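What the coordinates show
Residue strings, one per chain:
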Amino acid sequence: MERRTWLRRLHRPLGILGGAILAMAAISAAAAQEPTTEETVADLVSALDTTWLLVAGFLVFFMQAGFAMLTGGFVRSKNTANILMKNMIDACVGGLLFWAVGYGFAYGTSSSANGFIGWGDFFYDTYEGFAGWFFQFAFAAAAATIVAGSLAERLKFSAYLVYTVVITGFIYPVVVHWAWDANGWLTAFKEDPADLFLANGYIDFAGSGVVHMVGGWAGLVGAALLGPRLGKYGPGKQVNAIPGHNISIATLGMFILWFGWYGFNPGSTLALTGGGAELAAKVAVNTTLAAAAGGVSAVLYSKILTTRYDPGLLINGILAGLVSITAPCATVDPWAAVVIGAIGSLVMYGAVLLLDVIRVDDPVGAFPVHGAAGLWGVIAVGLFSTQAGIEGAGYAEPSKYGLLVGGGFEQLAAQLVGAASIIAWVVVTAFILFFGIKMTIGLRVPPEEEEKGLDLLEHGLDSYPDFGPTGPGIFSPGA
């Protein structure tokens with residue numbers, strides 16, 4: 001009886017003690033699970049930088065719509081659906097090929113990787129790197145789409161499918177590895193600055209050479225092998241204008257591209273933290289000024305040389321300014337961005353005239369805008385980059401900067417070596433690619449199909465059926 005009484009007396013204090021122990025255990029567990037302040041800050045920084053990279057990638061991908069509208073407006077109405085199909089398939093094929101092999105050739109880190117080509121990370125599935133993969137995919141799709149403009153209105157769709165696979169999966173990723181991977185032989189991102197081959201290595205902040213020259217020079221090779229459109233060139237030195245069908249759509253495409261460039265260039269900071277936000281703001285300003293200068297200069301010399309204000313030339317002048325500033329956007333001062341954009345527009349127009357001299361037909365002006373102005377942008381890095389600009393962008397040797405602002409010749413030499421290497425690689429590989437296609441399945445549609453339009457016989461439709469069919473097709477009366 002006394003024992004029971006004693007136990008009843010202990011019941012309440014033991015219950016309180018047990019509850020206190022459980023509460024302390026719960027509090028300890030919660031404290032152990034709750035992140036520290038440092039962990040919380042690190043997570044926020046990572047989330048901010050990842051979001052920046054994704055949003056920039058979204059903007060670059062939206063440039064596909066700009067390319068579609070630009071090229072759609074610059075071709076004739078009978079070929080509109082064809083060029084739009086090529087833009088759409090670029091995004092689809094580009095996504096699959098860059099995931100399967102392209103990213104691995106560009107950034108693969110296995111023991112088999114070397115200065116020429118990356119190896120590994122095929123069929124990419126590294127969770128922590130998904131944002132970076134997406135951003136790089138958008139660039140790869142843009143490079144392939146550039147080529148479509150040079151080959152418009154006479155290229156077989158089947159031939160297009162072959163070349164977009166090879167460019168996205170191999171030709172472009174190799175150049176990316178050279179310039180942007182830490183193991184690439186041209187790169188400015190060596191872990192040991194002593195390993196840089198010249199000055200800071202090849203500087204191409206957002207891709208005047210890596211992206212635009214690859215697309216532009218591949219397009220030039222393809223256009224040369226493909227031959228001009230019917231009626232483009234007459235006897236002697238006669239050059240016949242073949243205007244696009246919708247300047248309104250082309251203008252819309254240009255503005256979409258300009259807007260997307262704010263992902264292309266500022267997004268190439270790859271982060272907002274650690275000084276990235278300030279650098280991105282500078283890049284956005286330089287991008288804007290170069291585009292504006294390219295447009296103004298195009299208007300002025302179109303009036304001087306043609307006595308008219310040419311809207312098509314204005315569109316391509318703005319784009320040439322954007323392409324020109326893409327490489328030096330982080331390393332030059334705003335005044336230099338104006339000069340670079342204005343000269344880039346002039347370079348573009350000179351390339352248009354040169355193509356007519358050598359009788360290479362580029363309906364959209366892809367080589368003048370991307371190939372020629374891209375080359376100028378790469379060179380401009382070695383002419384106008386300031387010491388503060390090189391240092392602010394995080395390159396290794398700020399004492400070696402632009403020739404025209406007192407930095408000596410070495411950085412310009414690095415840029416010339418990089419540009420020549422890219423041109424040599426693209427011209428040789430693109431020639432093998434397009435010549436191989438020409439000798440097998442063929443590059444060009446038959447003359448009668450070209451006259452009637454690729455929309456009808458390649459795709460079985462009219463892009464503007466309310467205006468009547470341009471020839472027999474699946475949806476035409478009597479087809």
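As the structure is a computational prediction, the values presented were derived from the model and not from experiment.

**Comments concerning the overall build of the protein chain**
A tally of helices and strands in the protein chain yields 15 helices and zero strands. A buried classification covers 53% of the 479 residues belonging to the protein chain. Across the protein chain, every contact between residues at least 6 apart in sequence was considered, and the portion connecting residues at least 24 apart equals 74%. Carbon and sulfur atoms form 69% of the exposed surface of the protein chain, whose accessible area is close to 20,600 Å². Taking the 22 positively charged and 33 negatively charged side chains of the protein chain as two groups, their mean positions are separated by 6 Å.

**Remarks on the nonpolar core**
Membership of the largest hydrophobic core comes to 123 residues, with the highest contact counts inside it found for Y163, Y172, W180, V210, F264, L319 and F434. Broken down by element, the residue count for this core peaks at 15 residues, all from helix α4 (residues 130-150). With residues up to four places along the chain from it excluded, the contact list for L319 reads L70, M254, L257, W261 and V369.

**Overview of helix α7 (residues 247-264)**
Here α7 is 18 residues long and its end C-alpha atoms lie 25 Å apart, about the 26 Å a rise of 1.5 Å per residue gives. Among the residues of α7, those classed as buried are A250, G253, M254, I256, L257, W258, G260, W261, G263 and F264. Considering only its buried residues, α7 is in contact with α2 (37-74), α4, α6 (208-226), α8 (276-306) and α9 (311-326). Two or three places before S248, at the opening of α7, N246 has a side-chain oxygen 3.1 Å from that residue's backbone nitrogen.

**Section: the packing of aromatic side chains**
On inspection of all chains with the given rule, the structure shows 35 aromatic pairs. Their ring planes at 65 degrees and their centres at 5.5 Å tell us that F58 and F134 sit as a pair that is edge-to-face. You can see F58 sitting in helix α2 and its partner F134 sitting in helix α4, a full 76 residues away along the chain. For the pair F116 and W425, a centre-to-centre distance of 5.4 Å together with 80 degrees between the ring planes defines the contact as edge-to-face. Taken together, the positions of F116 in the loop between α3 (80-107) and α4 and W425 in helix α13 (residues 410-439) put the pair 309 residues apart, joining distant regions of the chain. Judged by relative accessible area, which is 37%, F116 ranks as partly exposed. Judged by relative accessible area, which is 14%, W425 ranks as buried. Linked through ring pairs, F58, F61, F98, Y103, Y107, Y124, Y127, F130, W133, F134 and F137 together constitute an aromatic cluster.

**A look at the side chain of T145**
Within the secondary structure, T145 sits in helix α4. A residue is classified by how much of its surface remains accessible, and T145, at 1% relative accessible area, is buried. Separated by 3.0 Å, the side chains of T145 and Q64 make a polar contact. Ignoring any residue separated from it by four or fewer positions in sequence, one finds T145 in contact with Q64, F67, N87, D90 and Y160.

**Structural notes on the pattern of salt bridges**
This structure, assessed with the given rule, holds five salt bridges. Notably, a salt bridge pairs D361 with R229, separated by 2.7 Å at the nearest N-O pair. Remark: R229 occurs in the loop between α6 and α7 and D361 occurs in the loop between α10 (334-358) and α11 (366-384); sequence separation between them is 132 residues. Summarising the burial analysis for this pair, D361 and R229 share the class buried. One salt bridge in this structure joins K400 and E410, with 3.4 Å as the shortest N-O distance. One end of the pair, K400, is in the loop between α12 (387-392) and α13; the other, E410, is in helix α13, and 10 residues separate them in sequence.

**Some remarks on the side chain of H177**
Along the chain, H177 turns up in helix α5 (residues 157-180). Since its relative accessible area comes to 0%, H177 is described here as buried.

**Structural notes on the confidence of the model for the protein chain**
Close inspection of predicted coordinates is inappropriate for parts of the model with low pLDDT. Taken as a whole, the protein chain shows an average pLDDT of 90; of its residues, 91% reach a score of 70 or greater. Ignoring residues within four places in sequence, the model shows residues 471-479, a span with pLDDT below 50, making 14 contacts including any to other chains.

**Considering the packing of α5 against α6**
Running from amino to carboxyl end, α5 crosses α6 at an angle of 140 degrees, the nearest separation of the two axes being 10 Å. When the interaxial angle is binned, α5 and α6 end up oblique. At the point where α5 passes α6, the crossing takes the right-handed sense. Taking contact as the criterion, the partners of I167, Y172, V175, V176, A179 and W180 in α5 are, on α6, V210, V211, V214 and A218.

**Some remarks on a nonpolar patch on the surface**
On the surface, V428, F431, I432, F435 and M439 cluster together into a nonpolar patch covering about 500 Å² of accessible area. Residue F435 is classed as partly exposed on the basis of its relative accessible area of 37%.

**Notes on unusual backbone geometry**
Unusually for a residue other than glycine, F123 sits at a positive phi of about 50 degrees. By secondary structure assignment, the location of F123 is in the loop between α3 and α4. Not every positive phi belongs to a glycine, and A199 is a case in point at roughly 45 degrees. Locating A199 in the fold gives a position in the loop between α5 and α6.

**Section: the environment of I390**
Tracing the backbone shows I390 in helix α12. Distance in space between the C-alpha atoms of I390 and G317 is 27 Å, their sequence separation being 73 residues. When sequence neighbours within four positions are dropped, the list of residues in contact with I390 reads N200, I203, T331, S385, Y395, E397, P398, K400 and Y401.

Rules behind the numbers
Residues numbered from 1 in each chain as written. Predicted model: local features only at pLDDT ≥ 70, side-chain atom pairs only at ≥ 80, totals over all residues. Heavy atoms only, no water. Helix = DSSP H or I, 4+ residues; strand = E, 2+ residues; numbered from the N terminus. Buried < 20%, exposed > 50% of the residue type's maximum accessible area, 1.4 Å probe, protein only. Contact = heavy atoms within 4.5 Å. Areas by Shrake-Rupley, 256 points an atom, 1.4 Å probe, with all protein chains shown as cover. Lys, Arg positive; Asp, Glu negative; His and termini not counted. Charge placed at Lys NZ, Arg CZ, Asp CG, Glu CD. Core = buried A, V, L, I, M, F, W, Y, C linked by side-chain atoms within 4.5 Å. Expected span 1.5 Å × (residues − 1). Polar contact = N/O pair within 3.5 Å; in protein donor to acceptor, adjacent residues only side chain to side chain. Phe/Tyr/Trp six-rings, centres within 6.5 Å; stacked < 30°, edge-to-face > 60°. Salt bridge = Lys/Arg side-chain N within 4 Å of Asp/Glu carboxyl O. pLDDT = per-residue confidence, 0-100. Axes fitted to C-alpha atoms, helices over the stretch in contact; angles between N-to-C directions. Parallel < 35°, antiparallel > 145°, perpendicular 65-115°, else oblique. Left-handed = near helix turned anticlockwise from the far one by under 90°. Patch = residues over 30% accessible without salt bridge, like charges linked within 9 Å, V, L, I, M, F, W, Y side chains within 5 Å.

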